[in-house]
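A structural walkthrough
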Amino acid sequence: MAVMWYEGLGRAAVAEQSRVRKGIGLAHSLRGLARDRAELSVTVRGHGSEPVRLVGVIDRVGKDHLDLAVFTPGEARRSSQVKQVAVIPFAALGAIRSRRSAEF
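Report on the accompanying structure. (Residues numbered from 1 in each chain as written. Predicted model: local features only at pLDDT ≥ 70, side-chain atom pairs only at ≥ 80, totals over all residues. Heavy atoms only, no water.)

Quick look at helix H2 (residues 26–35)
- Those residues of H2 not exposed but buried are Ala 27, Leu 30, Gly 32 and Ala 34.
- Buried residues belonging to H2 abut strand E2 (52–61), strand E3 (65–70) and strand E5 (93–98).
- One or two positions beyond H2, positive phi appears at Arg 37, with a value near 55 degrees. (Buried < 20%, exposed > 50% of the residue type's maximum accessible area, 1.4 Å probe, protein only. Helix = DSSP H or I, 4+ residues; strand = E, 2+ residues; numbered from the N terminus. Contact = heavy atoms within 4.5 Å.)

Some details on the side chain of His 65
- Structurally, His 65 is set in strand E3.
- Side-chain polar atoms of His 65 contact the side chain of Asp 64, separated by 3.2 Å.
- Ignoring anything within four residues of it in the chain, the contact list for His 65 reads Arg 60, Val 87, Ile 88, Pro 89 and Phe 90. (Polar contact = N/O pair within 3.5 Å; in protein donor to acceptor, adjacent residues only side chain to side chain.)

A word on the pattern of salt bridges
- Following the criterion strictly, the structure yields 3 salt bridges and no others.
- With its nearest N and O atoms 3.2 Å apart, the salt bridge here joins Asp 59 to Arg 37. Of this pair, Asp 59 sits in strand E2 while Arg 37 is found in the loop between H2 and strand E1 (40–44), placing the two residues 22 residues apart along the sequence.
- Accessibility expressed as a relative area gives 40% for Arg 37, which makes it partly exposed.
- Between Arg 60 and Asp 67 there is a salt bridge, and its shortest N-O distance comes to 2.9 Å.
- We classify Asp 67 as buried; its relative accessible area is 9%. (Salt bridge = Lys/Arg side-chain N within 4 Å of Asp/Glu carboxyl O.)

As for the nonpolar core
- Of all hydrophobic cores here, the largest spans 18 residues; its most connected members are Ile 58, Leu 66, Leu 68 and Ile 88.
- Elements supplying a minimum of two residues to this core: H2, E1, E2, E3 and strand E4 (84–89).
- Residues contacting Ile 88, with those up to four places away along its chain left out, are Val 42, Val 44, Leu 54, Asp 64, His 65, Leu 66, Leu 68 and Leu 93. (Core = buried A, V, L, I, M, F, W, Y, C linked by side-chain atoms within 4.5 Å.)

A word on the pairing of E3
- Of all 6 residues making up E3, 6 are buried, and the element is well covered by its neighbours.
- Taking every second residue as pointing to the same face, both faces of E3 are buried, with His 65, Asp 67 and Ala 69 on one and Leu 66, Leu 68 and Val 70 on the other.
- Pairing of E2 with E3, which is carried by 5 bridges, proceeds in the antiparallel orientation. Opposite Ile 58, over in E3, you have Leu 68 as the bridge partner.
- Linkage of E2 to E3, two consecutive antiparallel strands, is achieved through a turn of 3 residues. (Pairing = 2+ DSSP bridges.)

Given below as structure tokens:
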């Protein structure tokens, strides 16, 4: 998956020197969000169509995909509240935003 853009980097940003930190990728970060049970807004890019936004919690992260339990924003992630579990390939991810970082 190629990065389309980065935000928040200062002009003095430098490349990471640690080999260990260089090896940490998207799956590692997503597993942290899954562990924290963070409520997320996930934008999925469509094939020639408008992007789709889903709100939920990551249940599982694989090597190249994530499973998102989709529910109504602001509700707790309980099995009775989950509308669907969406399997999203990393290549289809357009954006991920945590509810803590900003309003959806």
